[in-house]
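What the coordinates show
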Amino acid sequence: MNIQLSEHFTYKKLLRFTLPSIIMMIFTSIYGVVDGFFVSNYVGKTPFAAVNFIMPFLMILGAVGFMFGTGGSALISKTMGEGDHEKAKCIFSLLIYVSLICGIVIAILGIIFVRPIASLLGADQMLDNCTLYARIILLALPAFILQYEFQSFFVTAEKPQLGLAVTVAAGVTNMVLDVLFVVVFRLGLAGAAAATAMSQVVGGFIPLIYFARKNTSLLCLTKTKFDRKVLLKTCMNGSSELMTNISMSVVSMLYNIQLMKYADENGVAAYGVLMYVNMIFLATFIGYAVGTAPIIGYHFGMENIKELKSILKKSTVIIGAFAIGMLLLAELLAYPLAKIFVGYDIELLKLTLQAFRIFSFSFLFAGFVIFASSFFTALNDGLTSALISFLRTLVFQIAAVMILPLLFAIMGIWISIVAAEIIALIVTVFFIIGKKNKYHYL
């Protein structure tokens, strides 16, 4: 039976309700990694480095979906908690229509300007590969934005299992087409990009069709009207997620620039492997945050302080358990995961393994900050959420990656990931303490 947002959540119910979102985010990350595996092993080290080099730029363009999804989910769930389900449907519809238009416009601009941007970032000998891969991916950008958006909206609509099914369908599409295009038809980098683009179409447009028809969820597409206040509130609520994705992408570009200086293409390739694993592991925390956000927003709308306190306490325990498990698993899987991607190059494997052993400690701290940011988003406090995300993903990361390599060379780059997460957690604790007078359930 479906668990409703209005219920009291025990540990068991929290895990049951958020599990589809966790698996959904992990699966999304895994099939995003599939391109890297096939490109690295079947196309070559330079194209693999090119994919990792241009990917942050593509993620920036797709971040609009995160903003509308998380920010809109907070507003919609709060509106439903207040008892106005028709208004919630109108807000949902407006956000889908606006994000689709934004996706088309951004895709066109991205296709036009991707080559000079890649050149400006220092792609050099990877420029042609970066441009080819990006332009094919950008053809599906509107679907990519919708895919990220619907990951949040499926949970808000009390249909997380359906969201998981769509994500699995998209992931299987990507994996099958990667084998077909890259291994069988030998289409190289273009084949890998086409496989990803087509999987994004599956992930974005199947939910669109579902919500456009009559369905059994809490949400569906209806006639709506332009509401500037709703869009502004959504953007404010989702600004932290937008900031997180943009900042992570900007920081990744900076890491790549630093790595080109200290270790050339090998450094970029090693960092690419770390980021693939990082995406999969952090997807657990992000999935949990996405899964709990509508619950928090709904009870915030109901002004159910007792339930909010309960959810916050239980979530802290759950995330702590996840964090310890992530560290142990990362250390255990460091060698086999590195070997899967770069086992063909002994020097690159050694560098990747060294980096892996250090950066895995970041999992001890990242989950708490991710959840705290999401918690404030769900409370419709977008400013606090954005500040936490901005400091974690941009300010502390940039400071660390610029300073620590001067002291420890390339080792400083790997250490900086952990150092930034520790500082972010300390600052987040101060934010929570400072907000206790405003939010009595903290």
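Below you will find a few notes about this structure. (Residues numbered from 1 in each chain as written. Predicted model: local features only at pLDDT ≥ 70, side-chain atom pairs only at ≥ 80, totals over all residues. Heavy atoms only, no water.)

Comments concerning the nonpolar core
Heads up, the condition is: We call a set of buried Ala, Val, Leu, Ile, Met, Phe, Trp, Tyr and Cys residues a nonpolar core when their side-chain atoms join them within 4.5 Å. Exposure classes here rest on a 1.4 Å probe applied to the protein chains alone. A residue is buried below 20% of its type maximum, exposed above 50%, and partly exposed in between. Only runs of H or I of at least four residues qualify as helices and only runs of E of at least two qualify as strands under DSSP, and these elements are numbered from the N terminus.
In this structure, I54, I76, F92, F150 and W414 are the most contacted members of the largest nonpolar core, which totals 135 residues. A total of 26 residues in this core trace back to one element, the largest contributor, which is helix α9 (residues 239-302).

What to know about the environment of R16
Within the secondary structure layout, R16 lies in helix α1 (residues 11-42). Residues R16 and I3, spaced 13 residues apart in sequence, show a C-alpha to C-alpha distance of 8.4 Å.

Concerning a nonpolar patch on the surface
Operational definition: Like-charged residues within 9 Å of one another, or nonpolar side chains (Val, Leu, Ile, Met, Phe, Trp, Tyr) within 5 Å, are grouped into patches, provided each residue has over 30% relative accessible area and no salt bridge. The Shrake-Rupley method, run with a 1.4 Å probe sphere, supplies the accessible areas, and residue values consider only the shown protein chains as cover. What makes a salt bridge here is a side-chain nitrogen of Lys or Arg within 4 Å of a carboxyl oxygen of Asp or Glu, nothing more.
Where nonpolar side chains cluster on the molecular surface, the patch consists of I101, I104, V105, I108, L109, I112 and F113 and spans about 660 Å² of accessible area. Position of V105 relative to the elements: it lies in helix α3 (residues 85-121). With relative accessibility at 44%, the residue V105 sits in the partly exposed group.

Topic: helix α8 (residues 228-237)
Heads up, the condition is: What the arc covers is the set of directions going from the helix axis to the C-beta atoms. Throughout, a residue-residue contact means that at least one pair of heavy atoms, one from each residue, lies within 4.5 Å. Two N or O atoms form a polar contact when they lie within 3.5 Å of each other; inside protein one atom must be a possible hydrogen donor and the other a possible acceptor, and for residues adjacent in sequence the pair counts only when both atoms belong to side chains.
Every buried residue belonging to α8 is among V230, L231, T234 and N237, and all of these are buried. Looking down the long axis of α8, one finds its buried residues gathered within 130° of arc, a one-sided arrangement. Pointing more than 90 degrees away from the buried face of α8 are the exposed residues R228, K229 and L232. Here the buried face of α8 lies against α2 (45-81), α3, α9, α12 (363-378) and α13 (382-408). Sitting at the head of α8, D227 places a side-chain oxygen 3.0 Å from the backbone nitrogen of K229.

A short note on the pattern of salt bridges
What the rule picks out here adds up to 7 salt bridges. A salt bridge links E82 to K78; the nearest nitrogen and oxygen atoms lie 2.7 Å apart. Measuring nitrogen to oxygen at the nearest pair gives 3.8 Å for the salt bridge that ties E86 to K89. Taken as a pair, E86 and K89 lie in helix α3 at a separation of 3 residues, close to a single helical turn. For E86, a relative accessible area of 53% translates into the label exposed.

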